[in-house]
Amino acid sequence: MATKGESLLSVRDLSIRFGGIVALDRVGFSVAEGSIAGLIGPNGAGKTTLFNCLSRLYRPSEGAILFEGRPILDAPRHRIAALGIGRTFQNLALFRSMSVLDNVRVGGHCRMGAGFLAHALALPAVRREEAALLEQAHRLIDLLDLGAVAGVPVAALPFGTQKRVELARALITQPKLLLLDEPAGGLNHEEVDQLRSRIRDIRDRLGVTVLLVEHHMNLVMTVSDQVVALDFGRVIADGTPAEVQGDDAVIRAYLGAPAA
């Protein structure tokens, strides 16, 4: 297990090709335990492709991903959450007819240890796990200010509230690393400010390391300890927000011109 300040996640020389297109080209960076890291880049830079490699939706052509010092590329996709990696998606994948509470509870079943037969027989171990899961779901619902809508079907909620439901569902898997895919997408200014505070709360109160892909530059630069910039599938900058903001390669990638 990594301790705070040590690398929780290490991406090493990661490459992936789709036909003749190189989506990631020897990408490498590390994310420290207890930090918030932002992943930025123009459209098509490879950010979502990298996230899909981290969550094992894609298998890279070359390279390695180490989580807590252990390689994870051979781990089955369904085991990623159990290893301690949670994720939200740019396009919400909630059960729209189910309540907020039930959506959050569903996310926690990957952590339940009782087998199929124990569930079928409703054995005491299952009842204890379900009670603990319900308690954790209520704690996360309170943390994300969802208590007033806990019993409401997700389809009846505003988009920004639905994004908080998905965040709660990712957190109930008890991740050590949380991957946030465009968490500010579709949010208004007030909701983005609230999101900034929530990301910090998740890190500080739950001890979760965060890696976010985001186009909202103000959010990334004000919430992140580290920023990694991609362009055409390559890392062009990796450092503090101030360092990356002033990097000539980053400025060219976004503006098409060198720094003055």
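Residues numbered from 1 in each chain as written. Predicted model: local features only at pLDDT ≥ 70, side-chain atom pairs only at ≥ 80, totals over all residues. Heavy atoms only, no water.

Looking up the protein chain in an unreviewed UniProt entry gives the name Amino acid/amide ABC transporter ATP-binding protein 1 (HAAT family), with the organism given as Stella humosa.

**Student:** Hey, could you run me through the layout of surface pockets in this one?
**Tutor:** Once rolled over the atoms, a probe with the size of a water molecule shows which space is left empty. Taken as a whole, the largest pocket spans an internal volume of roughly 450 Å³. Lining the largest pocket are 20 residues, with A81, I85, G86, R87 and F89 sitting closest to its centre. Looking at the lining of the largest pocket, the elements that each hand over two or more residues are α2 (80-83), β6 (85-87), α3 (100-107) and α6 (159-171). Taken domain by domain, the makeup of the lining of the largest pocket includes at least three residues from each of domain 1 (1-84 + 175-260) and domain 2 (94-174). For the second largest pocket, the calculated volume is near 210 Å³. (1 Å grid on protein atoms, 1.4 Å probe; cavity = no way out; pocket = protein on both sides within 12 Å on 5 of 7 lines; lining within 4 Å. Points joined across faces, edges and corners; volume = space filled by probe spheres on them. Helix = DSSP H or I, 4+ residues; strand = E, 2+ residues; numbered from the N terminus. Domains from an automatic or database assignment.)

**Student:** Looking at this model, I keep getting lost on helix α1 (residues 47-54). Mind explaining?
**Tutor:** The periodicity of an α-helix, 3.6 residues per turn, causes residues three or four positions apart to be oriented the same way. Buried residues dominate α1, accounting for seven of its eight residues. Listing the buried residues of α1 in full gives K47, T49, L50, F51, N52, C53 and L54. R56 lies just past α1 and shows a positive phi near 70°. (Buried < 20%, exposed > 50% of the residue type's maximum accessible area, 1.4 Å probe, protein only.)

**Student:** I'm lost on the sheet that holds strand β2 (residues 21-32) in this one. Help?
**Tutor:** An order of β2-β1-β4-β5 is seen for the four strands of this open sheet, with the pairing classed as antiparallel. The open sheet has two edge strands with one neighbour each: β2 and β5 (70-71). The sheet contact formed by strand β4 (residues 62-67) and β5 spans two bridges and is antiparallel. Within the sheet, the bridge partner assigned to L66 lies in β5 and is P71. Contacts from α1 reach β1 (7-18), β2 and β4 within the one sheet, and its direction differs from that of β1 by about 115°. (Pairing = 2+ DSSP bridges. Contact = heavy atoms within 4.5 Å. Axes fitted to C-alpha atoms, helices over the stretch in contact; angles between N-to-C directions.)

**Student:** Help me understand the packing of α3 against α6 in this model?
**Tutor:** A packed helix pair is summarised by two numbers, namely the angle formed by the two axes and the spacing between the axes. Contact pair α3 / α6: the axes reach a minimum separation of 7 Å and the direction vectors enclose 30°. One finds that α3 runs roughly parallel with respect to α6. Here α3 and α6 pass one another in a crossing that is right-handed. Residues V100, N103, V104 and G107 of α3 pack against V165, A168 and R169 of α6. Classifying every residue of the contact of α3 with α6 gives four nonpolar, two polar and one charged. (Parallel < 35°, antiparallel > 145°, perpendicular 65-115°, else oblique. Left-handed = near helix turned anticlockwise from the far one by under 90°. Nonpolar A, V, L, I, M, F, W, Y, C, P; charged D, E, K, R; others polar.)

**Student:** Which parts of the structure should I look at to understand the nonpolar core?
**Tutor:** The nonpolar side chains of a soluble globular protein tend to be buried, and buried together. Formed by 43 residues in total, the largest nonpolar core has its most connected members in V100, V104, L146, V165, L178, L212 and V244. If we skip the residues at most four places from it in the chain, L146 touches V100, I141, T161, R164, V165 and A168. Formed by 30 residues, the second largest nonpolar core is a distinct cluster that contains V31, I85, L211 and V213. (Core = buried A, V, L, I, M, F, W, Y, C linked by side-chain atoms within 4.5 Å.)

**Student:** Before we go on, may I ask you to explain the packing of α6 against helix α7 (residues 189-206) in this structure?
**Tutor:** The N-to-C vectors of α6 and α7 enclose an angle of 10°; their axes lie 12 Å apart at closest approach. Here α6 lies roughly parallel to α7, going by the angle between them. Residues G160, R164, L167 and L171 of α6 form the contact with α7, whose participating residues are E191, R198, I202 and L206. The residue makeup of the contact of α6 with α7, split by class, is four nonpolar, one polar and three charged.

**Student:** Can you walk me through the domain arrangement of the protein chain in this structure?
**Tutor:** Accessible area lost during the coming together of the parts is what is often quoted as the interface size. Entries for the protein chain in the domain assignment read domain 1 (1-84 + 175-260) and domain 2 (94-174). Tallying the contact residues gives 18 residues for domain 1 and 15 residues for domain 2. Overall, the association of domain 1 and domain 2 removes approximately 1200 Å² of surface from exposure, summing both partners, and the carbon and sulfur fraction of that is 67%. Per-residue buried area on domain 1 facing domain 2 is highest for A81, P175 and R198; these three make up 39% of the total on that side. Run the count over domain 1 and domain 2 and you get one salt bridge. (Buried area = accessible area lost by both parts, 1.4 Å probe. Salt bridge = Lys/Arg side-chain N within 4 Å of Asp/Glu carboxyl O.)

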